[in-house]
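Structural overview
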Amino acid sequence: MLRIFNTLSRKKEGFKPLRKNQVGLYTCGPTVYNYAHIGNLRTYIFEDVLQRTLEYNGYQVKRVMNITDVGHLTSDADTGEDKIEKEAQLERKSVWEIAEFYTKAFLRDIKNLNIKIPELLIPATKTVPDQIKIIKRLLTSRFAYETSKAIYFEVSKFKNYTKLSRQPLTEKIVAAREEVIADPEKKGAADFVLWFKLVDRFKNHIMRWPSPWGDGFPGWHIECSAISTKYLGQPFDVHTGGVDHISVHHTNEIAQSEAAFSKSLARYWMHGEFLTINQGRMGKSLGNFITLQDLQKMGYNPLAYRYLVLNSHYRSHLDFSLESLKSAENAYHGLKNNLAAFKNCEAKIKDSSADKTAKKAIKLFQKKFSEAINDDLNTAKALASVHELLNQSNSIKAGGKLNGRIAKEVYKAIMNLDKILGLKLAEMPKIPSKIIGLTKKRELYRVRKQFIQADALRKEIETLGYSIEDTPQGPLVLPKSV
């Protein structure tokens, strides 16, 4: 049974969906004013593994993700400038061009990381009427109020406002002082904006829509409530995001959604931990962020980064360095090389004892992998079971060689569970016929113990841009850049 850590209860819980065999999954998406950095992408990898694990367990997953293309200010609260408008000014482009460009960049990144594109990818700007409907409900039920500058949610009227964050409200009030100064009509320091009016600092805001309170634009938090309720209903099963969303964004989502509809928003809340760099937080505002494109320009395979991420638990801190990425890439390529050798092993050896041992090892691997991934997505332990099976299989030999039949069964078992890991372990680069011919010729020299000639061919192969590795299953050749 799948067990996941629920931030709301602060404990692992057995997963039970609201509807049999169907799961409603909402994953908070990017604010498209800049490239997603690799810390952001770590969260999207965790959410992808969650979806794959749910599907592995037989559930049909309806996944929804928002694209924030309006309303997110330079503070996660209600202070500062609109992030997209600010970037548009810097790049001398329209806000629509900025949103479109960085949405495409985000989709390119998740494709390169083999992250499944959510079934529904909804820009906030496409659901403004839905957001206005919820704000109307909150005003009618008096959970919201109007000032000359905005529509606010009144936090003091919502009981147990900090049930997700467990953060004392006094701390939030201290953090909100700047906004109290900006709008003295606010009733409470922790009250948050549902709708901004086009006055004062926002009088020239480019993105604007008509509303019962005059032209304006929505606050950041209301979009997720509108999108999740519209496409998944309320309540739905699982809501995810980064840990930075717990204290503000998700806390506000819960308050406005549950106040509007008198129902819980989501049953399970899951959050991915920070990726750090030099033991400090990585962030765009800090100017120390790294993008996936940066890694690609350095020659790294995006899936090597995915491998690095999977080697840690999504709820644990992961400190990034190029050294750790290089180690992960070497391990990832080594794993693929080993699997390619298993796939291509043709040795036909009859050994019933070895067959029984191999079948037992495969069965144990499947059990270990399943237990690990169903234990709150323990990808590190699941990956370890893959390496363990390969090591055991290499030791199950007859006549000094691995049986091709055993090798292919091992390969098949691992490929089946790569559907969860998403590492594309079956993909190998196409090798030119000339390189294959040289490899076969070199192998003949090795068999004849003509090692000087064999070494000369190795050097020739390397000069042509390929490396060759001698494995127990035979020679394996790959492009040097892989």
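Below, the structure is looked at part by part. Computed from a predicted structure; not experimentally measured.

In contact at an axis separation of 7 Å, helix 11 (residues 322–344) and helix 14 (residues 404–421) are set at 130° when each is read in the N-to-C sense. With respect to helix 14, the axis of helix 11 lies oblique. At the point where helix 11 passes helix 14, the crossing takes the left-handed sense. Seen from helix 11, the contacting residues are L339, F342, K343 and N344; seen from helix 14, they are A407, K408, V410, Y411, I414 and M415. Residues belonging to the contact of helix 11 with helix 14 are distributed by class as follows: seven nonpolar, one polar and two charged.

As a further point, take the sheet that holds strand 10 (residues 236–242). Either a parallel or an antiparallel arrangement is found when strands of a sheet pair, and the pairing is made through backbone hydrogen bonds. Taken in spatial order, the five strands line up as 5-4-3-10-11 in an open sheet, and their pairing is parallel. Taken across any chain shown, the strands that pair with only one partner, and hence form the sheet edges, are strand 5 (120–123) and strand 11 (266–272). Within this sheet the neighbouring strands show an average axis-to-axis angle of 20°, counted without direction. The pairing of strand 4 (residues 60–67) with strand 5 spans four bridges and is parallel. Within the sheet, the bridge partner assigned to N66 lies in strand 5 and is I122. Sitting on the sheet, helix 8 (residues 249–261) touches strand 10 and strand 11, and the angle it makes with strand 10 is about 150°.

With that settled, the discussion passes to unusual backbone geometry. With an omega of 5°, the peptide bond running from Q234 to P235 counts as cis. Relative to the helices and strands, P235 resides in the loop between helix 7 (222–232) and strand 10. In this model, N160 sits at a positive phi of 60°, which is unusual for a non-glycine residue. For N160, a relative accessible area of 52% translates into the label exposed. Here the phi dihedral of D376 falls at roughly 55°; this positive angle occurs in a residue that is not glycine.

Now for the pattern of salt bridges. By the definition in use, this model includes 20 salt bridges. With its nearest N and O atoms 3.0 Å apart, the salt bridge here joins D200 to K149. With D200 in the loop between strand 8 (192–197) and strand 9 (216–218) and K149 in the loop between strand 6 (144–146) and strand 7 (150–153), the pair connects residues that are 51 residues apart, well separated along the chain. The class of D200 is partly exposed, set by a relative accessible area of 46%. For K149, a relative accessible area of 24% corresponds to the partly exposed category. Linking E462 and R458 is a salt bridge whose minimum nitrogen-to-oxygen distance equals 4.0 Å. Placement of both E462 and R458 in helix 16 (residues 451–463) is noted, with a separation of four residues, approximately one turn of the helix. We classify E462 as partly exposed; its relative accessible area is 29%.

In contact at an axis separation of 11 Å, helix 13 (residues 379–395) and helix 14 are set at 170° when each is read in the N-to-C sense. Here helix 13 is positioned roughly antiparallel relative to helix 14, judged by the angle of their axes. Only V410, I414 and L421 of helix 14 make contact with helix 13, whose side of the interface consists of L383, V386, L389, L390 and S393. Residues of the contact of helix 13 with helix 14, tallied by class, amount to seven nonpolar, one polar and no charged.

Moving on to the sheet that holds strand 14 (residues 318–320). Ordered in space as 13-12-14, the three strands form an open sheet in which the pairing is mixed. Edge positions in the sheet fall to strand 13 (280–281) and strand 14, since each has one partner strand and no second. Here two bridges tie strand 12 (residues 275–277) to strand 13, and the two strands are oriented antiparallel to one another. By the bridge assignment, T276 is partnered in strand 13 with R281.

Looking now at helix 1 (residues 38–56). Taking 1.5 Å of rise per residue, 19 residues should cover 27 Å, and helix 1 covers 26 Å from first to last C-alpha, within 8% of that figure. The element helix 1 is extensively covered by neighbouring structure, given that 16 of its 19 residues are classed as buried. Two residues or fewer after helix 1 comes G58, characterised by a positive phi angle close to 95°.

Looking now at the packing of aromatic side chains. A complete count under the given rule lists 19 aromatic pairs for this structure. For the ring pair F46 and Y314, a centre distance of 4.3 Å and an interplane angle of 0° mean the geometry is stacked. Here Y314 lies in the loop between helix 10 (302–310) and strand 14 and F46 lies in helix 1, a separation of 268 residues in the sequence. For the residue pair F46 and Y314, the accessibility class agrees, reading buried in each case. When the ring centre of F5 is taken as reference, the NZ or CZ atom of R315 above it lies at 4.1 Å.

About the thresholds
- Residues numbered from 1 in each chain as written.
- Predicted model: local features only at pLDDT ≥ 70, side-chain atom pairs only at ≥ 80, totals over all residues.
- Heavy atoms only, no water.
- Axes fitted to C-alpha atoms, helices over the stretch in contact; angles between N-to-C directions.
- Helix = DSSP H or I, 4+ residues; strand = E, 2+ residues; numbered from the N terminus.
- Parallel < 35°, antiparallel > 145°, perpendicular 65-115°, else oblique.
- Left-handed = near helix turned anticlockwise from the far one by under 90°.
- Contact = heavy atoms within 4.5 Å.
- Nonpolar A, V, L, I, M, F, W, Y, C, P; charged D, E, K, R; others polar.
- Pairing = 2+ DSSP bridges.
- Buried < 20%, exposed > 50% of the residue type's maximum accessible area, 1.4 Å probe, protein only.
- Salt bridge = Lys/Arg side-chain N within 4 Å of Asp/Glu carboxyl O.
- Expected span 1.5 Å × (residues − 1).
- Phe/Tyr/Trp six-rings, centres within 6.5 Å; stacked < 30°, edge-to-face > 60°.
- Lys NZ or Arg CZ within 6 Å of the ring centre and 35° of its normal.

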